[in-house]
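# Per-entry structural report
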Amino acid sequence: GQQLNQSPQSMFIQEGEDVSMNCTSSSIFNTWLWYKQDPGEGPVLLIALYKAGELTSNGRLTAQFGITRKDSFLNISASIPSDVGIYFCAGDFGNEKLTFGTGTRLTIIP
Amino acid sequence: GAVVSQHPSRVICKSGTSVKIECRSLDFQATTMFWYRQFPKQSLMLMATSNEGSKATYEQGVEKDKFLINHASLTLSTLTVTSAHPEDSSFYICSASPPLNGQPQHFGDGTRLSIL
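Residues numbered from 1 in each chain as written. Chains lettered and ligands numbered in written order. Predicted model: local features only at pLDDT ≥ 70, side-chain atom pairs only at ≥ 80, totals over all residues. Heavy atoms only, no water.

Turning next to the sheet that holds strand 1 (residues 4-7) of chain B. All names here are of chain B. Overall, antiparallel pairing links the four strands, which are arranged 1-3-8-7 in an open sheet. Each edge of the open sheet is held by one strand with a lone partner, namely strand 1 and strand 7 (67-73). Here the strands of the sheet are splayed against their neighbours by 15° on average, with no regard to which way each runs. Relative to strand 8 (residues 76-81), strand 3 (residues 19-25) is paired through six bridges, and the arrangement is antiparallel. Looking at the pairing, Glu22 lines up with Thr78 of strand 8. (Pairing = 2+ DSSP bridges. Helix = DSSP H or I, 4+ residues; strand = E, 2+ residues; numbered from the N terminus. Axes fitted to C-alpha atoms, helices over the stretch in contact; angles between N-to-C directions.)

So this is what it looks like as structure tokens:
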């Protein structure tokens, strides 16, 4: 099935640094979602985006739904150790079926 | 917030065994639930849509006779992996959407299936 292209694939940063990752697709989505997955657990919703151009924040996290509806970015400011994990974008065409991105693995270097 | 519970969290069994995984929405009714599969270091791939009171719809390439889905109530969907083989070993995750339109899906904690 189709997957969204997510970049970077992995990131190694120091605590306190800002993080930016993005997701692109050849298809237009109605809704764009960002999830975080810790090892051995299910994804946890971080931010949901519903309108083209929408910019939404959740604490230190900020995400935007691209104007073309084909891309989105997620920023994390002032990273902390608990930010470690895999971040997935997911798109919804409006039929509730989610297409997931390839994931960005975030590692914080001590 | 919306809570989705999955059971068991881990299963280890012999090849040829059938394994049932439960997915429950704890604080809302879900007419639709979804089953995903995730192989190591890969993304989630949708396997099927579970519809309360009717047959599940399967994604292309997913064998419906292999992965039996039953959604007998508004809070419970089950996935049965029939005659499991080592290649079925994976992380199986369910999700459900709260009934209000446009509410995003919430995921269970997944079931790690290991077939020896």
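This is not the end of the story, as more comes after the structure.
Bringing the state of the cysteines into the picture now. The final tally for this structure, using the stated rule, is two disulfides over all chains. The disulfide partner of Cys23 of chain A is Cys89 of chain A, and the gap between their sulfur atoms is 1.7 Å. You can see Cys23 of chain A sitting in strand 3 (residues 19-24) and its partner Cys89 of chain A sitting in strand 9 (residues 85-92), a full 66 residues away along the chain. A single burial state applies to Cys23 of chain A and to Cys89 of chain A, both of which are buried. Counting only cysteine sulfurs, Cys94 of chain B is the nearest neighbor of Cys13 of chain B, a cysteine outside any disulfide, at a range of 18 Å. (Disulfide = S-S within 2.5 Å. Buried < 20%, exposed > 50% of the residue type's maximum accessible area, 1.4 Å probe, protein only.)

Tallying the contact residues gives 21 residues for chain B and 20 residues for chain A. A combined buried area of about 1,600 Å² lies between chain B and chain A, and 56% of that area is made up of carbon and sulfur atoms. For the pair chain B and chain A, the number of links is one salt bridge. As a salt-bridge pair, Lys97 of chain A and Glu59 of chain B come within 2.9 Å of each other at their nearest N and O atoms. Joining chain B to chain A, the criterion identifies seven residue pairs in polar contact (both at pLDDT 80 or more). The class makeup of the residues in the side of chain B that touches chain A is nine nonpolar, nine polar and three charged. (Contact = heavy atoms within 4.5 Å. Buried area = accessible area lost by both parts, 1.4 Å probe. Salt bridge = Lys/Arg side-chain N within 4 Å of Asp/Glu carboxyl O. Polar contact = N/O pair within 3.5 Å; in protein donor to acceptor, adjacent residues only side chain to side chain. Nonpolar A, V, L, I, M, F, W, Y, C, P; charged D, E, K, R; others polar.)

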